[in-house]
Amino acid sequence: EAAPAAKPKAQKAEKPRSGRRRLSYKERRDLESLPERIEALEEEQGTLHGLMADPELYKRDDAEEIARAQTRLKDVEQELELAYERWTELETLAEAAG
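Residues numbered from 1 in each chain as written. Predicted model: local features only at pLDDT ≥ 70, side-chain atom pairs only at ≥ 80, totals over all residues. Heavy atoms only, no water.

> Describe the nonpolar core, listing the residues and the values that go with them.
Residues Leu41, Met52, Ala83 and Leu90 are the most contacted members of the largest nonpolar core, which totals 15 residues. Taken together, the elements giving at least two residues each to this core come down to α1 (25–53) and α3 (63–97). Per-element accounting of this core gives the leading share, seven residues, to α3. Look past the residues within four positions of Met52 in its chain and what remains in contact with it is Leu57, Tyr58, Ala69, Gln70 and Leu73. (Core = buried A, V, L, I, M, F, W, Y, C linked by side-chain atoms within 4.5 Å. Buried < 20%, exposed > 50% of the residue type's maximum accessible area, 1.4 Å probe, protein only. Helix = DSSP H or I, 4+ residues; strand = E, 2+ residues; numbered from the N terminus. Contact = heavy atoms within 4.5 Å.)

And the structure:
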């Protein structure tokens with residue numbers, strides 16, 4: 001006797017996507033926390049700009065401290081740019097979702 005043919009798996013009916021989707025839990029959490037994160041980065045950026053503008057930093061002749069401050073300022077500016085991009089992305093998704 002031949003084995004009975006395997007039944008094909010039922011496929012889930014795909015819902016037509018209208019291009020609109022809701023934010024995931026993680027995305028909602030990101031959107032809620034980004035303003036605080038951006039504010040903290042802006043404050044740190046301001047502090048670092050103040051430090052870099054202070055002539056006393058250069059009078060101390062501490063090349064390592066200057067380099068650390070420059071590196072951190074560059075990192076903060078990159079983090080800030082990414083945070084703004086992410087915030088814009090999530091706001092756009094949230095508005096599209098209604």
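> Give a detailed account of the pattern of salt bridges, specifying residues and quantitative values.
Considering all chains together, one arrives at 10 salt bridges under this definition. The residue Arg72 makes a salt bridge to Glu44 at a minimum N-O spacing of 2.7 Å. In this pair, Arg72 is assigned in helix α3 and Glu44 in helix α1, connecting sequence segments 28 residues apart. (Salt bridge = Lys/Arg side-chain N within 4 Å of Asp/Glu carboxyl O.)

> Before we move on, could you go through α1 and cite the residues and values that matter?
With 29 residues, α1 extends 42 Å from end C-alpha to end C-alpha; this agrees with the ideal 42 Å at 1.5 Å per step. Burial in α1 covers these residues: Glu27, Leu31, Leu34, Ile38, Leu41, Gln45, Leu48 and Met52. Looking at the buried residues of α1, the elements they touch are α2 (55–59) and α3. (Expected span 1.5 Å × (residues − 1).)

> Before we move on, can you summarise the side chain of Glu27 with the specific residues and values?
Along the chain, Glu27 turns up in helix α1. In contact with Glu27, other than residues within four places in its own chain, are Arg21, Arg22, Arg86, Leu90 and Leu93.

By themselves, these figures tell us nothing about what the structure is for.
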